Amino acid sequence: MCADTLSSPVPVITIDGPSGSGKGTVSQRLAAELGWHFLDSGALYRLLACAARRDGVDLDDASALADLAGRIDADFGFSENGEERVLLDGVEITRTLRCEDTGNAASRIAALPAVRTALLAWQRRYRRPPGLIADGRDMGTVVFPDATLKIFLDARPEERALRRFNQLNEKGNNATLDEILAEVRARDERDRTRATAPLVPAEDALVIDSSDLDIDTTVALILGQIHLKS
Ligand code: C5P
């Protein structure tokens, strides 16, 4: 990074896009390559959805959800065999966190402005030296508008559904491809049309369609953009 970039508080690269665009894997790879921190902002919405289920909080009750967001304790880590391990208030919830039901509940509560505001400060606390890769839907538009580089990673819905289907199959889930495609489309529609922080590329974002790109190529493309900024 050039002196200019380094003199900004802490550099952030935002990777926004719909689910299945590959942004999670790409973001983690970039964070590892650069030795930077990684924020999976979707996991925070998912975690709050899990906590709401646990406490019997209605998914439409914005103020109770915002209140709950201020009380939960999250621990993101890895088990000894390198698999993701997430604790909610000390209890492991990794599988529940990543299931489709939780993704849909997260998408519902994410449409509530009070919930988004409640998660803002939490997300910004991830911005620590030497830098942050922030993965989400509104990282470049709302949470880190001053990011060094903004990427919007997209892909055709059919391709994203297929990737999700393969991922879920590996984990032993047995939803059909048609079911997954319907869910992908419904979630896209909700995320793109909501009034607060809709899923849209930031004006200064570089849009990459990953439909026909593998992860290595996508990562190399973004690293190239980072070097152009150095
Ligand atoms: O990325 P992931 O599928 O884990 O996100 C779950 C849901 O959380 C998304 O469908 C979206 O509605 C919401 N979300 C959001 N803003 C973010 C990250 C996720 O609205 N920055």
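Everything numeric in this text was worked out from a predicted model, so none of it was measured.

K.L.:
Please explain the sheet that holds strand 4 (residues 84-88) as it appears in this structure.
P.N.:
Adjacent strands of a sheet pair through backbone hydrogen bonds, lying either parallel or antiparallel. As summarised here, the arrangement of the 3 strands in space is 3-4-5, forming an open sheet in which the pairing is antiparallel. At either margin of the open sheet sits one strand with a lone partner, and together these are strand 3 (74-78) and strand 5 (91-92). Two elements, strand 4 and strand 5, share 2 bridges in a ladder whose sense is antiparallel. By the bridge assignment for strand 5, Leu 87 is matched with Glu 92. Strands in contact with helix 3 (residues 41-55) are strand 3 and strand 4; relative to strand 4, the strand with the most contacts, it is inclined by about 45 degrees.

K.L.:
Just to check I follow, could you spell out the pairing of strand 1 (residues 12-16) for this structure?
P.N.:
On a regular strand, each side chain points to the face opposite its neighbour's, so the side chains alternate between the two faces of the sheet. Taking burial as the measure, the 5 residues of strand 1 include 5 buried ones, the bulk of the element. A two-sided burial pattern is seen for strand 1, the buried positions comprising Val 12, Thr 14 and Asp 16 on one face and Ile 13 and Ile 15 on the other. As paired elements, strand 1 and strand 6 (residues 132-136) share 5 bridges and run parallel to each other. Each residue of the ladder has a partner; that of Val 12, found in strand 6, is Leu 132.

K.L.:
Is there a simple way to explain the site of the ligand in this structure?
P.N.:
Close to the ligand lie 16 residues; Arg 46, Arg 116, Arg 137, Asp 191 and Arg 194 are nearest. Here an oxygen atom of the ligand sits 2.9 Å away from a polar atom, N or O, in the side chain of Arg 137. Relative to its free-state accessible area of 450 Å², the ligand is covered by the protein chains to the extent of 96%. Those elements giving two or more residues to the shell around the ligand turn out to be helix 3, helix 6 (100-109) and helix 10 (177-193). At 4 residues, helix 3 tops the list of elements feeding residues into the shell around the ligand. Tallied by class, the residues present in the shell around the ligand amount to 4 nonpolar, 4 polar and 8 charged.

Reading guide: rules and limits
Residues numbered from 1 in each chain as written. Predicted model: local features only at pLDDT ≥ 70, side-chain atom pairs only at ≥ 80, totals over all residues. Heavy atoms only, no water. Pairing = 2+ DSSP bridges. Helix = DSSP H or I, 4+ residues; strand = E, 2+ residues; numbered from the N terminus. Contact = heavy atoms within 4.5 Å. Axes fitted to C-alpha atoms, helices over the stretch in contact; angles between N-to-C directions. Buried < 20%, exposed > 50% of the residue type's maximum accessible area, 1.4 Å probe, protein only. Near = heavy atom within 4 Å. Polar contact = N/O pair within 3.5 Å; in protein donor to acceptor, adjacent residues only side chain to side chain. Areas by Shrake-Rupley, 256 points an atom, 1.4 Å probe, with all protein chains shown as cover. Nonpolar A, V, L, I, M, F, W, Y, C, P; charged D, E, K, R; others polar.

Remember that the coordinates give geometry; whether it matters functionally is a separate question.
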